[in-house]
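Here are the chains, one letter per residue:
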Amino acid sequence: MQFQAAFERFAAFIGGECAFFGAYSALVRYILPVLAAVILIRCFQSMRTGEQEFECWGYLSLPNGARVPLRHWENTVGRSKSADVHLEYPTLSRSHAAVIRDDTGAWFVFDLRSKGGVFVNGRKVEGSRQIKNGDILSLGGVELAFIAVTPKEAKEEETALSPAPRAWVTLVFLTLFQALLGFQLCVAAGAALEFGVVLSFLALMAMTWLSYLLVRLMRRTAFEVETVAFFLSTLGAAVTATSVPSDALRQTGILALGVFAYFLLGFFLRDLGRAVRMRRVVAAGGLLLLAVNVLAGTSLFGAKNWLSIGGFSFQPSEFVKIAFVFAGAATMDRLFARRNLYLFVAFAGACVGALALMGDFGTALVFFVAYLVIAFMRSGDLTAVALSVGGAAAAGFLAMSIKPHIAQRFATWRHAWDTPFGAGYQQTRAMSAAASGGLFGLGAGAGWLKSVFAANTDLVFAMLCEELGFLMAALAIFALLLLVFYTVHFSGAARSSFYVIAASAACAIFLIQVLLNAFGSVDLLPFTGVTFPFVSKGGSSLVASWGLLAFIKSCDTRKNASFALRAQKRYLKSEARHVPEAMEDEPVWDGGEDTYDEDDDAFDFDPGAFDDDFPEE
Amino acid sequence: MKRVSRRTTALFALVWAIVLCLLIFFTQLAVKGERWALFSANGNIYAGGALLAGTLLDRSGEILNEPGVGGARLYSDSREIRTATLHAVGDAQGNIGTGALKVYAPKLAGYSLISGVYPRKGENVYLSIDAQLCRAAYKALSGRKGAVVVANYRTGEIYCMVSSPSFDPLNVPDLESEKYEGAYINRAISSAYTPGSVFKLVTLAAAIENIPDLFERTFTCDGGVTIGSDYVKCTGRHGAISIEDALAVSCNSAFAELSLELGAETLERYAKQLGLTESVSIDSIKTASGQFEKAGEGSADLAWSGIGQYRDTVCPAAMLRFMMAIANGGKAADLTLLRRSGIKALLPPPDKRILSAETAEKMSVLLSYNVYKSYGEANFPGLELYAKTGTAEVGGGKQPHAWFAGYITNEDCPFAFAVVVENGGSGRSAAGAVANAVLQEAVRRYGNK
């Protein structure tokens, strides 16, 4: 009760006439974008200074005595410059062989349909074969000795590492940003201030530091992507606090759920073998969820993409995004097997089809773009991707002829001002509000657009422009671009293509959503009503965004940086204790449930196609 | 791995799309942001279609219109000023399309690309009009339909712009009645009237520049001229008459002769050059354009067109601008409804030469002579007046439109004016009296300080 009374006194004080509040509101408009820029620049520097630090998991010893490090779990060997182990021997094929490690520490060599063939200790390899320390590989007559890295060597390398990035300084800036923004919202609400808003911002600040603490407890140092996500989530919290203050606390609760999902998924991804094995289960679960949605879904605001269970409504398609990324990612040995790709194509088709059935064409488009990126990552085949786009365009036209409201959206596109009280209602108001904010905004909580339908979800970009200014809205977009930079920057040193493909797919989902949300609301693109990752109000979307973030985190191989990867030292230690006895008979690659059969005609990997995606000669 | 890693660059396609869209959006914001922000549904600065921000003041700082509590806008406390300045200020519903509330809404809202409409208090916009002068003008019109415009011919600022009928925006009468016919039209800038004899100044300007012996000539007036089967009637039988006297008594015979001599082509060229047939700009407002139709050479219609009848029409604001040019040595300052202040006031006002200095000088002598000879200086006490009347026949058994246009050169009163009284009868007595009332008020307020 005493607490209640104290808060009421605070609200009355905030609502009172005070010159300080006026000056505060006027000034904080300029401070917030500067702080945001500082936070993002610090994150960017932290990502950049952590240069791609290649791990070393083994060596190939050349005839001349030189040792070439194996920097990934999946390495190609060949004459091509883009081979991970690039050897200039005329008898080698461009992509001759792959040397791949699974998560138990067992190594295998794959013959990539080389001309000269692959021999291990003189025995020809058909398809693949396990190798162990000291084995002699003969590729097209070139003799290479395989040497696995010992824990001692790994440890020595670890002592020569760059110091940990000082993430906590950036977090101090972020906390200041959150505090200033939260207080501005209090001032704007005045006497009508709700306790939940105050509490939600305090909880947000606490959650930011607790997450950092958790990462430190896991003896990890990097916190850039989390900082970026918390920055965006703070903007989301402001959007909720201004549009539906009574939901502020609930939204922060959902954020906690999202952060929990992030850590859970990240932890799950640590074990590549487990993650790979779970792919089909997760994919099936995703399909099941969509099927239930199609059959039992409820229609809220046009599309039938909601599912209500026990009074709790959520959008299954948001969670299926995570399943989609899981299903799309693959380790390199699977990239050789086309059958896997066909399975994924079927899965993607089912997802997009289900969404089209629900009438949620925005999300269908998001899945389709994620599919394109995954397909390109896996095959490197631009032609196939181009064909997919053509096919999708035809499907889109078909959809427009069947579903008139889709055609309507396209008719309104670029013509919103022709029907400001009809089909262009939301877009024209979004543009008007965005222009009202100028570069620095009218101040958090001081906007008007929030009274327009779906302002805090579909029109959230315009809401950011209106209340926090164009600069902040642009910074929100740049924050997401930082995640892309992170992915592209660190994927070069990633352990497995599984992580790289998953991170890229997650980025693609974020990017296409931002593109459609931000520029659909201001009539540059068709208005599809997808969410702005982390910022749009809503439970499913926020949790899914944090979930997808875990994939991005998993491609960071800086030493002790990402909690989503197990430290190399620990891997090697545990393996040293129980190294599997190397089998003398025909070994079998068991990195996953796809057992590798020598006469499996699914192995129609075409080294030529693999070679030519980045022509460099 | 290297190959798969490199394929992450595919994401750049999306990144570039986003960056490109962001650039396009910002460009649009820079180009169209003002229009977007001033969308009347924008709840940040509008409520029920009325601007929530910005105060409209007259040149002396008298508040004409300001945002009130809860969205409705407040007009002046004085009913007379509300009525007299209605057309300059505009009505709440925006029916008066040229009202300042609409035209200067971006200024009132205080929009800028950098701060948007923050802090939503808008800005003070000082109009160039003088509310008291407008009140005097509206009073002088005393319920008759018509328009009065007065402007400073040195700066282009409009000091008085009144259109009648007008009404009190706080007590809107039944606008369907005949009394309020066309009450939403600002007659000063959105109407064009048959000019009658005021148009003789166009013919005069053409004659001065094209007929070398104009001032040596003697015209003969027998009470009219027969042209073919038609007869151009004069206002009297003036006998042998010089150009000076012909203008002073507004002799139709003399000007019919000049018109035929100059030809339709030349007259049209002058009407256009003097800005009477085309739309004139007042800031972003476009005035109604006038009309001069070329009649057949040697025809009575041509004669009539040269004396402001036939199908001639002129907008009062355009006539005002013509007078400003004569007063200002041939250069017409650009008309504006915004008070010139700050750095702008120190710079020379933008203008356009529409007459040679020589012609303007010659015309000013004749305009002064008009007053001395015909209009009676006693009717305009204390005014150094240069003017021309017009009594435009409109047919249909109606009284002619009364025009009075010119300027004064009293100290600190560089004012040009144009007055039209619809169906007011004689130009001198009807429009002249209105002009006198307004100019006396102007001299009282601005002269001999």
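Sequence order as written defines the numbering, with residues in each chain counted from 1. Labels are handed out in written order, letters beginning with A for the chains and numbers beginning with 1 for the ligands. With the structure being a predicted model, the display of local features is reserved for residues of pLDDT at least 70 and the display and counting of side-chain atom pairs for 80 or more, all residues being used for whole-chain, interface and lining totals. To get the side-chain values, all heavy atoms of the structure are used, and hydrogens and water are removed first.

1. Let's talk about the overall build of chain B
Phase 1: Helix and strand assignments come from DSSP, with helices taken as H or I runs of at least 4 residues and strands as E runs of at least 2, each series counted from the N terminus. Per the secondary structure count, chain B includes 16 helices and 19 strands.
Phase 2: Accessible area is worked out with a 1.4 Å probe on protein chains only. A residue is then buried under 20% of its type maximum, exposed over 50%, and partly exposed in between. Taking all 449 residues of chain B together, the buried fraction comes to 58%.
Phase 3: Long-range contacts, defined as pairs at least 24 residues apart, comprise 64% of the intrachain contacts of chain B with a sequence gap of at least 6.
Phase 4: Residue-level accessible areas treat just the shown protein chains as cover; the underlying method is Shrake-Rupley with a 1.4 Å probe. For chain B, the exposed surface amounts to about 17500 Å²; the carbon and sulfur share of it is 50%.
Phase 5: Computed over 45 positive and 43 negative side-chain charges, the inter-centroid distance for chain B is 11 Å. Contacts were defined at the residue level, with two residues in contact if any of their heavy atoms lie within 4.5 Å. Asp and Glu are treated as the negative residues and Lys and Arg as the positive ones, with His and the ends of the chain left uncounted. Charge positions come from single atoms, namely NZ of Lys, CZ of Arg, CG of Asp or CD of Glu.

2. Details of the interface of chain A and chain B
Phase 1: Each partner contributes to the interface: chain A provides 77 residues, whereas chain B provides 40 residues.
Phase 2: Here chain A packs against chain B, burying approximately 4600 Å² in sum over the two surfaces, 72% of which is carbon and sulfur.
Phase 3: Salt bridges are defined as contacts in which a side-chain nitrogen from Lys or Arg sits within 4 Å of a carboxyl oxygen from Asp or Glu. On inspection of chain A and its partner chain B, the count reaches 0 salt bridges.
Phase 4: The definition of a polar contact used here is a pair of N or O atoms within 3.5 Å, where within protein one atom must be able to donate a hydrogen and the other to accept one, and adjacent residues in sequence count solely through side-chain atom pairs. Counting the contacts that link chain A with chain B gives 17 residue pairs in polar contact (both at pLDDT 80 or more).
Phase 5: Looking at the side of chain A that touches chain B, the element that brings in the most residues is helix H18 (residues 497–521) of chain A, giving 11 residues.
Phase 6: Of the residues in the side of chain A that touches chain B, the class split is 44 nonpolar, 20 polar and 13 charged. What counts as buried area is the accessible surface, traced by a 1.4 Å probe, that two parts surrender upon association, with contributions from both included. The nonpolar class holds Ala, Val, Leu, Ile, Met, Phe, Trp, Tyr, Cys and Pro. Asp, Glu, Lys and Arg form the charged class, and all remaining residues, Gly among them, are polar.

3. Digging into the sheet that holds strand E18 (residues 401–408) of chain B
All names here are of chain B.
Phase 1: Strand pairing is defined by DSSP finding a minimum of two bridges between the two strands. Taken together, the 5 strands give an open sheet; going across it, the order is E8-E7-E19-E18-E17, and neighbouring strands pair in antiparallel fashion. One side of each edge strand has no neighbouring strand; the edge strands of this open sheet are strand E8 (158–164) and strand E17 (385–392). The mean angle between the axes of side-by-side strands here comes to 5°, regardless of whether they run parallel or antiparallel.
Phase 2: The pairing of E18 with strand E19 (residues 415–421) spans 6 bridges and is antiparallel. By the bridge assignment, Tyr 407 is partnered in E19 with Ala 416.
Phase 3: Here an axis means a line fitted to C-alpha atoms, over the contact stretch when the element is a helix, while the angle between two N-to-C directions is reported on a 0 to 180 degree scale. In the packing of helix H15 (residues 357–375) onto the sheet, contacts are made with E17 and E18, and the angle to E17 comes to roughly 70°.

4. A closer look at the layout of surface pockets
Residues and elements named next belong to chain B.
Phase 1: In the cavity and pocket records, a cavity denotes points on a 1 Å grid over the protein atoms alone where a 1.4 Å probe fits but cannot get out, a pocket denotes an open set with protein on both sides within 12 Å along at least 5 of 7 lines, and lining residues are residues with an atom within 4 Å of a point. Grid points are joined across faces, edges and corners, and a volume is the space filled by probe spheres set on the points. Size it by volume and the second largest pocket reaches roughly 560 Å³.
Phase 2: Along the walls of the second largest pocket sit 28 residues, with Gly 49, Ala 92, Gly 94, Leu 101 and Lys 102 positioned nearest its centre.
Phase 3: Where the lining of the second largest pocket is concerned, the elements lending two or more residues are strand E2 (50–51), strand E5 (73–75), helix H5 (100–103) and helix H6 (105–109).
Phase 4: Segmentation into domains, and thus their bounds, comes from an automatic or database assignment. Two domains each provide a minimum of three residues to the lining of the second largest pocket, namely domain 1 (46–110 + 118–127) and domain 2 (136–446).

5. What about the side chain of A:Asp84?
Phase 1: Relative to the helices and strands, A:Asp84 resides in the loop between strand E3 (74–78) and strand E4 (85–86).
Phase 2: One buried charged residue, A:Asp84, remains without a salt bridge, the closest side chain of opposite sign being B:Lys2 at 5.7 Å.
Phase 3: Within the structure, the side chain of A:Asp84 is placed 2.5 Å from the backbone nitrogen of B:Met1, a separation counted as a polar contact.
Phase 4: A distance of 2.7 Å separates a polar atom in the side chain of A:Asp84 from the backbone nitrogen of B:Lys2.
Phase 5: When sequence neighbours within four positions are dropped, the list of residues in contact with A:Asp84 reads A:His72, A:Glu74, A:Asn75, A:Thr76, B:Met1 and B:Lys2.

6. Considering the pairing of strand E7 (residues 146–152) of chain B
Residue and element names in this part refer to chain B.
Phase 1: Judged by how many residues are buried, E7 sits mostly within the fold: 7 of 7 residues are covered.
Phase 2: Both faces of E7 are covered, namely the face carrying Gly 146, Val 148, Val 150 and Asn 152 and the face carrying Ala 147, Val 149 and Ala 151.
Phase 3: Relative to E8, E7 runs antiparallel, the two being bridged by 6 bridges. Note on E8: the bridge partner recorded for Val 149 is Met 161.
Phase 4: Counting the residues between successive antiparallel strands, the hairpin from E7 to E8 contains 5 residues, one of them, Gly 156, with a positive phi of roughly 85°.
Phase 5: One ladder, built from 7 bridges, connects E7 with E19; its direction is antiparallel. Residue pairing in the sheet places Val 150 in a bridge with Phe 417 of E19.

7. Describing unusual backbone geometry
Phase 1: Note the cis peptide between B:Tyr118 and B:Pro119, where omega equals 0°.
Phase 2: Looking at where B:Pro119 falls in the secondary structure, it is placed in the loop between H6 and strand E6 (124–126).
Phase 3: At the junction of B:Ser164 and B:Pro165, the peptide bond is cis and its omega measures out at 5° in the coordinates.
Phase 4: Looking at the element boundaries, B:Pro165 is found in the loop between E8 and helix H8 (187–190).
Phase 5: Even without being a glycine, A:Ala454 presents a positive backbone phi close to 65°.
Phase 6: Summarising the element assignment, A:Ala454 is placed in the loop between helix H15 (425–437) and helix H16 (460–468).
Phase 7: Here B:Tyr310, not a glycine, exhibits a phi torsion of approximately 50°, which is positive.
Phase 8: Summarising the element assignment, B:Tyr310 is placed in the loop between helix H12 (300–306) and helix H13 (316–327).
Phase 9: By relative accessible area, which is 26% here, B:Tyr310 ends up partly exposed.

8. Some words on helix H9 (residues 316–328) of chain A
Phase 1: By definition here, a helix of n residues has an expected span of 1.5 Å times n minus one. The end-to-end C-alpha distance of H9(A), which contains 13 residues, comes to 18 Å, matching closely the 18 Å that a straight helix rising 1.5 Å per residue would cover.
Phase 2: Residues of H9(A) that are buried: A:Pro316, A:Ser317, A:Glu318, A:Val320, A:Lys321, A:Ile322, A:Ala323, A:Phe324, A:Val325, A:Phe326, A:Ala327 and A:Gly328.

9. Notes on the nonpolar core
Phase 1: Counting residues in hydrophobic clusters, the biggest one holds 352 residues, and the most contacted among them are A:Phe177, A:Phe519, B:Phe25 and B:Phe322.
Phase 2: The element best represented in this core is H18(A), accounting for 19 residues.
Phase 3: Not counting the four nearest positions on each side in its chain, A:Phe519 is found in contact with A:Ile477, A:Val514, A:Leu524, A:Leu525, B:Ile18, B:Cys21, B:Leu22 and B:Phe25.
Phase 4: We call a set of buried Ala, Val, Leu, Ile, Met, Phe, Trp, Tyr and Cys residues a nonpolar core when their side-chain atoms join them within 4.5 Å. Formed by 6 residues, the second largest nonpolar core is a distinct cluster that contains B:Leu86, B:Ile96, B:Phe167 and B:Tyr180.

10. Some remarks on the packing of helix H7 (residues 248–269) of chain A against helix H19 (residues 539–553) of chain A
Residue and element names in this part refer to chain A.
Phase 1: Interaxial distance between H7 and H19 falls to 8 Å at its minimum, and their mutual angle equals 30°. Relative to H19, the element H7 is oriented roughly parallel. Handedness of the crossing formed by H7 with H19: right-handed. Seen from H7, the contacting residues are Gln 251, Ile 254, Leu 255, Leu 257, Gly 258, Val 259, Ala 261, Tyr 262, Leu 265, Gly 266 and Leu 269; seen from H19, they are Gly 539, Leu 542, Val 543, Trp 546, Gly 547, Leu 549, Ala 550, Phe 551 and Lys 553.
Phase 2: The residue makeup of the contact of H7 with H19, split by class, is 14 nonpolar, 5 polar and 1 charged. Oblique is the label for any angle not covered by the other classes, which are roughly parallel (under 35 degrees), roughly antiparallel (over 145) and roughly perpendicular (65 to 115). Note: crossing handedness is left-handed where the near helix turns anticlockwise from the far helix by less than a right angle, and right-handed where it turns clockwise.

11. Notes on the domain arrangement of chain B
All names here are of chain B.
Phase 1: When its domains are assigned, chain B resolves into domain 1 (46–110 + 118–127) and domain 2 (136–446).
Phase 2: Relative placement of domain 1 and domain 2: their C-alpha centres are 31 Å apart.
Phase 3: Contacts between the two partners involve 20 residues from domain 1 and, on the opposite side, 27 residues from domain 2.
Phase 4: Each partner contributes to the roughly 2200 Å² buried at the junction of domain 1 and domain 2, and carbon and sulfur atoms together form 60% of this total.
Phase 5: Our count for the contact surface shared by domain 1 and domain 2 stands at 2 salt bridges.
Phase 6: Residue Glu 157 is joined to Arg 59 by a salt bridge in which the shortest nitrogen-to-oxygen separation is 3.3 Å.
Phase 7: Applying the counting criterion to the domain 1 and domain 2 interface returns 11 residue pairs in polar contact (both at pLDDT 80 or more).
Phase 8: Within the residue set of the side of domain 1 that touches domain 2, elements represented by two or more residues are helix H3 (79–84), helix H4 (86–89) and E6.

12. Here's the deal with the sheet that holds strand E4 (residues 63–67) of chain B
All names here are of chain B.
Phase 1: With respect to topology, 4 strands assemble into an open sheet ordered E5-E4-E3-E6, the strand pairing being mixed. The open sheet has two free edges, formed respectively by E5 and E6, since each of these has just one partner strand. This sheet shows a mean twist of 15° between the axes of neighbouring strands, independent of strand direction.
Phase 2: Where E4 and E5 come together, 3 bridges link them in antiparallel fashion.

13. Some points on the confidence of the model for chain A
Residues and elements named next belong to chain A.
Phase 1: Confidence scores here are pLDDT values: one per residue, from the predictor, ranging 0 to 100. Considering every residue of chain A, the mean pLDDT works out to 84; 88% of them sit at 70 or more.
Phase 2: Within chain A, helix H21 (residues 607–611) has the poorest average pLDDT of any element, 42, and H16 the best, 97.
Phase 3: Long-range and interchain partners of residues 159–163, a stretch whose pLDDT sits below 50, account for 3 contacts in this model, where long-range means more than four residues apart.
Phase 4: Contacts for the low-pLDDT stretch residues 578–617, under 50 throughout, to residues beyond four places or in other chains number 75 contacts.

14. Quick word on the domain arrangement of chain A
Phase 1: The domain boundaries assigned to chain A delineate domain 1 (58–148 + 587–610) and domain 2 (160–553).
Phase 2: Look at where the C-alpha atoms of domain 1 of chain A and domain 2 of chain A centre, and you get two points 39 Å apart.

15. Things to note about the environment of B:Arg339
Residues and elements named next belong to chain B.
Phase 1: By secondary structure assignment, the location of Arg 339 is in the loop between strand E15 (331–333) and helix H14 (343–346).
Phase 2: A sequence separation of 182 residues divides Arg 339 from Glu 157, and the C-alpha atoms of the two residues are 6.6 Å apart.
Phase 3: In this structure, Arg 339 is in contact with Arg 59, Tyr 126, Leu 127, Ser 128 and Glu 157, ignoring residues within four places of it in sequence.

16. Here's the deal with the packing of aromatic side chains
Phase 1: Two aromatic rings, drawn from Phe, Tyr or Trp (for Trp, its six-membered ring), form a pair once their centres lie within 6.5 Å of each other, and the interplanar angle then sorts them: stacked below 30 degrees, edge-to-face above 60, tilted otherwise. Scanning the entire structure with this criterion turns up 51 aromatic pairs over all chains.
Phase 2: Between A:Phe44 and A:Phe485, the aromatic rings sit 4.9 Å apart at their centres with planes inclined by 55°, giving tilted as the arrangement. In this pair, A:Phe44 is assigned in helix H2 (residues 19–49) and A:Phe485 in helix H17 (residues 470–491), connecting sequence segments 441 residues apart.
Phase 3: Taking relative accessible area as the criterion, A:Phe44 reaches 29% and is therefore assigned partly exposed.
Phase 4: For A:Phe485, a relative accessible area of 25% corresponds to the partly exposed category.
Phase 5: Clustering of aromatic rings is evident, with ring pairs tying together A:Phe230, A:Tyr262, A:Phe263, A:Phe510, A:Phe534, A:Trp546 and A:Phe563.
Phase 6: Distance and angle both matter: a charge sits over a ring if NZ of Lys or CZ of Arg is within 6 Å of the ring centre and within 35 degrees of the ring normal. Cation over ring: A:Arg101 sits above A:Trp73, and NZ or CZ is 4.8 Å from the ring centre.
Phase 7: The side chain of B:Arg339 reaches across the aromatic face of B:Tyr126, ending 4.2 Å from its centre.

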